[in-house]
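# Structure assessment
Below, each chain spelled out in residue letters.
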Amino acid sequence: MISVSIIFFSFSAAVVLFLSSYVVYHVIIAPRFNPLRKLAGPPLNGPLHNHMSPVLDPFRSPRTHAAYVEKYGRNVRIRGLGPWDDRLLPLDPVSVAHVLKNSTIYEKPWQSRRLITSLIGCGMLAAEGHVHKRQRRVATPAFSIQNMRALVPLVFSKGEELKDKWMKMSQAMKEGQVASEKNSGQVEIDVCHWISRATFDVIGLAGFDYHFNAIQNESDELFAAYKEMFEIAVSQGDGVRTVLGIYFPILNNLFPDKRAKTVFRCQETIRRVAGKLVQQKKSRIMDGEKSGSAYTGKDLLSLLLKSNIATDLPPDQRISDEDILHNINTFMFAGSDTTSLALTWTFLLLARHPELQTRLRTELLSIVPTTPISRLSPEEIESLHNTLQNLPYLNNVCRESLRLIPPVHSSLRVATQDDEVPVSYPVHLSDGTISDQKSISVPKGSFVHVPVEAFNLDKGMWGDNAWDFDPDRWDHLSEDVLSLPGLYSNLLTFSAGPRSCIGMRFSMIEMKTFLYILLTTFTFTETDKRIYKANVVLTRPYVSGQFKKGSQCPLIITPLESITSS
């Protein structure tokens, strides 16, 4: 009779043999037959070496991508996190357009989705397939041109509030100066910090009619929860521990580190406070339906809830209250962090190019009404905004800033099936030859690295000055640029295809309004502190030697009235 120990040993040996065979096949054997290995790519300095750092670091990535195009063509093989991880880096517009257009074939990897979901839930940033399609369908009416225009007065009011806050800080500095000093009212402002507070206020009101009052103080618990989770937990997280948490999420439950504890605490606050807001809004809408007097809320949450109960929406296409909350979290992240960073980089670029700042200010001052904005009617504010939208140089400056420093540095997709990616340039192969093949074979499970920044800075498309801040380039674009994919002005900044940014219009309303209000009130100049870019979920500014303090972009602001009176 066979003993239990022998059976157990045999079973254990079989499991070990199976797992060992699985690992050997996927790590050693299968990669050798990966068709991506036929592509040319940068060399490796060992079995564990990869190309992630030079590709993802915005300090190095422009030079890296330019070198790759010159040496290996426009479809490059790069190494990811292990010997099994050969990736496609497409720098060919046709190839990138194919990947972004076919979102059912090229999805966000489960690793990316798990990281996003662990922070803000499974909203439109993390959802895939029919779940994403259902959420997008429900949310699209809320982002119509008409609904976005209704939010314009709100954005103007918050821009004015931020202006007044900065003016008080300037006045306090001026009053604190001794009589012998020049009382210019100059004050050093962390533009990144303050713009972030203002955009949180905007999205709080526009998103779910909630007053964070972040411009005045940072005491609101919901604001603190969102801000701490986005900035501290994301930006200051330990890279190795974050990766381990993605692959082994139970670690964060059993042995939570500081980051995990912060996220859990913030999520509890968000579920409690924001969840209550969802239920309150839902009750008001249902009460309005019953009484025959429709609830008139114009915030995104109200519009989302109304869209979700619309009679022309089949029951199986509706989303749950939990999905509603997850998408509100998504709007908070995408609607505040990305826009505030885009504005921050724009102010820094204008501070570095004072002659261009002056030129833009002259254009903006030409449309300033005789009546203060605070006394304009909603109709007059909308008229002012329409004029603002059509200012040519403002439009050029916004496009150029979003081109030069896109908040989203790059994106990652994974092939859910074997696919042929079309090409429009000759393909460089690993044996040194150049092929005129019409497509590249991408096997199921392979990662495709979508280089947003690289496309925006491609000298082959944008010219030799592609890395320079030159708003005038938009007055004479080449045919190559006009053929590039992109939701906004042939840029990948807002992505392209079915997963492009749904809030692009709202972001541009915020961006142009804040530039108008602040540039017609203050001048912006650089400090002696060196600001550098770091890709920490988004491309963020940091002061050299002060990374642990988080995103910072200190600039000196001076009221225009002080300059004209001196």
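Residues numbered from 1 in each chain as written. Predicted model: local features only at pLDDT ≥ 70, side-chain atom pairs only at ≥ 80, totals over all residues. Heavy atoms only, no water.

## Concerning the overall build of the protein
Counted only if it meets this: By the criteria applied, helices consist of DSSP H or I runs no shorter than four residues and strands consist of E runs no shorter than two, each listed in order from the N terminus. For the radius of gyration, the atom set is restricted to C-alpha positions; the globular benchmark scales as 2.2 Å times the number of residues to the power 0.38. Only protein chains enter the calculation, and the probe is 1.4 Å; a residue is then buried if its accessible area is under 20% of its type maximum, exposed if over 50%, and partly exposed in between. We call two residues in contact when some of their heavy atoms are within 4.5 Å. The Shrake-Rupley method, run with a 1.4 Å probe sphere, supplies the accessible areas, and residue values consider only the shown protein chains as cover.
When helices and strands are tallied, the protein shows 23 helices and 14 strands. Scaling as 2.2 N^0.38, a compact globule of 566 residues should have a C-alpha radius of gyration of about 24 Å, and the protein matches this with 26 Å. The proportion of buried residues among the 566 residues of the protein is 53%. Look at the contacts in the protein between residues 6 or more apart in sequence, and 73% of them connect residues 24 or more apart. By element, 57% of the accessible surface of the protein is carried by carbon and sulfur atoms, the whole surface being about 26000 Å².

## Some details on the nonpolar core
Generally speaking, soluble globular proteins have nonpolar side chains that are buried together. The test is simple: Only buried Ala, Val, Leu, Ile, Met, Phe, Trp, Tyr and Cys residues count toward a nonpolar core, and they belong to the same one when joined by side-chain atoms within 4.5 Å.
Within the largest apolar cluster, 137 residues are counted, with the highest numbers of intra-cluster contacts made by Trp166, Phe208, Phe212, Leu222, Tyr226, Phe347 and Phe524. Broken down by element, this core gets its largest block of residues, 15 residues, from helix H15 (residues 321-352). Contacts of tyrosine 226, omitting those with residues within four sequence positions, involve Phe200, Phe208, Phe212, Ile270, Ala274, Ile328, Asn329 and Met332. Of all hydrophobic cores here, the second largest spans 10 residues; its members include Ala40, Met52, Tyr72 and Leu91.

## Regarding the packing of helix H18 (residues 392-404) against helix H22 (residues 504-519)
As a reminder of what qualifies: Inter-axis angles, ranging from 0 to 180 degrees, are taken between N-to-C directions of lines fitted to C-alpha atoms, where helices are fitted over the stretch in contact. When describing relative orientation, an angle under 35 degrees is termed roughly parallel and one over 145 degrees roughly antiparallel, while 65 to 115 degrees is termed roughly perpendicular and anything else oblique. Crossing chirality is assigned from the near helix's rotation relative to the far helix, an anticlockwise turn below a right angle marking it left-handed and a clockwise turn marking it right-handed. Residue type decides the class: Asp, Glu, Lys and Arg count as charged, Ala, Val, Leu, Ile, Met, Phe, Trp, Tyr, Cys and Pro as nonpolar, and the leftover types, Gly among them, as polar.
Running from N to C, H18 and H22 cross one another at 120 degrees; their axes reach a closest spacing of 11 Å. Between H18 and H22, the interaxial angle falls into the category oblique. For the pair H18 and H22, the crossing hand works out as right-handed. Contacts from Leu394, Asn395, Cys398, Ser401 and Leu402 in H18 reach Met508, Met511, Lys512 and Leu515 in H22. Residues of the contact of H18 with H22, tallied by class, amount to six nonpolar, two polar and one charged.

## Thoughts on the pattern of salt bridges
Quick reminder of the rule: Throughout this description, the term salt bridge denotes a Lys or Arg side-chain nitrogen within 4 Å of a carboxyl oxygen of Asp or Glu.
In total, this model carries 23 salt bridges according to the counting rule given. The salt bridge involving arginine 499 is made with glutamate 128; its shortest N-O contact spans 3.3 Å. Linking arginine 499 in the loop between helix H21 (479-482) and H22 with glutamate 128 in the loop between helix H5 (110-120) and helix H6 (129-139), this pair joins segments that are 371 residues apart in sequence. Classification of arginine 499 by relative accessible area gives buried; the value is 13%. In this structure glutamate 128 comes out as buried when scored by relative accessible area, which is 10%. Between lysine 158 and aspartate 201 there is a salt bridge; the shortest N-O distance is 3.2 Å. Separated by 43 residues along the polypeptide, lysine 158 in helix H8 (residues 152-176) and aspartate 201 in helix H9 (residues 191-208) bring together distant segments of the chain. Relative accessible area serves as the criterion here: at 1%, aspartate 201 is assigned to the buried category.

## Concerning unusual backbone geometry
Positive phi outside glycine occurs at serine 495, with the angle close to 65 degrees. Relative to the helices and strands, serine 495 resides in the loop between H21 and H22. Taking the relative accessible area as the measure of exposure, serine 495 reaches 17% and is therefore buried. Of note in this structure, valine 537 is not a glycine but carries a positive phi near 70 degrees. Within the secondary structure layout, valine 537 lies in the loop between strand E12 (531-536) and strand E13 (538-543).

## Focus on the packing of aromatic side chains
Rules: What counts as a ring pair is set by centres within 6.5 Å for rings of Phe, Tyr and Trp (its six-membered ring), and what kind of pair is set by the plane angle: stacked under 30 degrees, edge-to-face over 60, tilted for all other angles.
Counted under the stated rule, the structure contains 17 aromatic pairs. On the numbers, 6.0 Å between centres and 50 degrees between planes, the contact of phenylalanine 208 with tyrosine 210 is tilted. With centroids separated by 6.3 Å and ring planes inclined at 80 degrees, the aromatic side chains of phenylalanine 208 and phenylalanine 212 adopt a geometry described as edge-to-face. The class for phenylalanine 208 is buried, based on a relative accessible area of 2%.

Purely spatial values, then, with no claim about function.
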